[in-house]
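Residue-level listing of the chains:
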Amino acid sequence: GGTVVEINSGAAALALALVLGKREGFKRDPMRPHNMPLVLLGAGLLWFGWFGFNAGSALQASSLAATAMINTQVATAAAAMSWLIVEKRREGKATSLGIASGAVAGAVAITPACGFVTPIGALLIGLVGGAVSAWAVTRKYRLGYDDSLDVVGVHLIGGILGALLIGLFATKLTNSAGTNGFFYKGGWTLMGHQIVAVLAVVLRRAADRSIAGSRR
């Protein structure tokens, strides 16, 4: 899920944003969400549906599926909290949009790791994913790409973090078929594999963007 869904969609969104260009009024007009109740409803549906996405990936009702479900809840809640903390420090107040965005960022970050880490690992992944994604969504104004749904900051950055943090927090205590990460005396081998996977997806999408730009 981390590479196939999250990093892929985030990298594709960045490529399309660069190819299509900015909306009229970008950086000038507020362009706020027009219906916050629908935003929160959508975020709630995503949060609930993500249990089926992650726990269902075990393809059986097992202890691994239960762990994936718990990890999804823990990371999503932790990311919502850390996003709000960043938002409060940055803008002086926490918002409903922030908690919705943070929850999605946490679900994104834990997706690749949910079947390989403990709930403590999921908590840390969620905290890091929410805080870093909250910072990342503001970079579009400095870097000049118009990502209207913050797919780059949430899905690309969150997906990269989730994939890479497996290299730190993965443990055979959760999944005997997996590999231990750095914090479980597994060294840096798994992290190296995760880095290769992330780069493969990002570079592929960068190549697609280059091709699309040349055709335009």
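Please read all numbers here as calculations on a predicted model, not as lab measurements.

### Quick notes on the overall build of the protein chain
A tally of regular secondary structure across the protein chain gives eight helices and zero strands. Seen in sequence order, the protein chain has helices and strands lined up from the N terminus as α-α-α-α-α-α-α-α. For 216 residues, the compact-globule estimate of 2.2 N^0.38 gives 17 Å, and the C-alpha radius of gyration of the protein chain, at 17 Å, lies within 12% of that figure. For the C-alpha atoms alone, the extent of the protein chain along its principal axes is close to 50 × 40 × 30 Å. When each of the 216 residues of the protein chain is scored for burial, the buried share is 43%. Of the contacts made within the protein chain by residues no fewer than 6 positions apart, 69% connect residues no fewer than 24 positions apart. A total accessible area of about 11,500 Å² is found for the protein chain, and carbon and sulfur atoms account for 65% of it. Put simply, the protein chain has 19 plus and 9 minus side-chain charges, and the middle of one group is 6 Å from the middle of the other.

### Brief notes about the packing of aromatic side chains
The final tally for this structure, using the stated rule, is five aromatic pairs. Measuring from ring centre to ring centre gives 5.7 Å for F26 and Y141, while their planes differ by 15°; the resulting arrangement is stacked. Pair noted here: F26 is in the loop between helix 1 (2-20) and helix 2 (36-55) and Y141 is in helix 6 (residues 139-143), with a separation of 115 residues, a long-range link. Relative accessible area serves as the criterion here: at 11%, F26 is assigned to the buried category. Each ring, one from W50 and one from F53, has its centre 6.2 Å from the other, and the planes form 70°; the classification is edge-to-face. Of the two residues, W50 and F53 are both situated in helix 2; the distance of three residues between them amounts to about one turn of the helix. A relative accessible area of 7% means that W50 is categorised as buried. Taking relative accessible area as the criterion, F53 reaches 35% and is therefore assigned partly exposed. An aromatic cluster of at least three residues, connected via ring pairs, comprises F169, F182, F183 and W188.

Cut-offs used in this document
- Residues numbered from 1 in each chain as written.
- Predicted model: local features only at pLDDT ≥ 70, side-chain atom pairs only at ≥ 80, totals over all residues.
- Heavy atoms only, no water.
- Helix = DSSP H or I, 4+ residues; strand = E, 2+ residues; numbered from the N terminus.
- Rg over C-alpha atoms; globule rule 2.2 N^0.38 Å.
- Buried < 20%, exposed > 50% of the residue type's maximum accessible area, 1.4 Å probe, protein only.
- Contact = heavy atoms within 4.5 Å.
- Areas by Shrake-Rupley, 256 points an atom, 1.4 Å probe, with all protein chains shown as cover.
- Lys, Arg positive; Asp, Glu negative; His and termini not counted.
- Charge placed at Lys NZ, Arg CZ, Asp CG, Glu CD.
- Phe/Tyr/Trp six-rings, centres within 6.5 Å; stacked < 30°, edge-to-face > 60°.

That is the geometry; function is a separate question.
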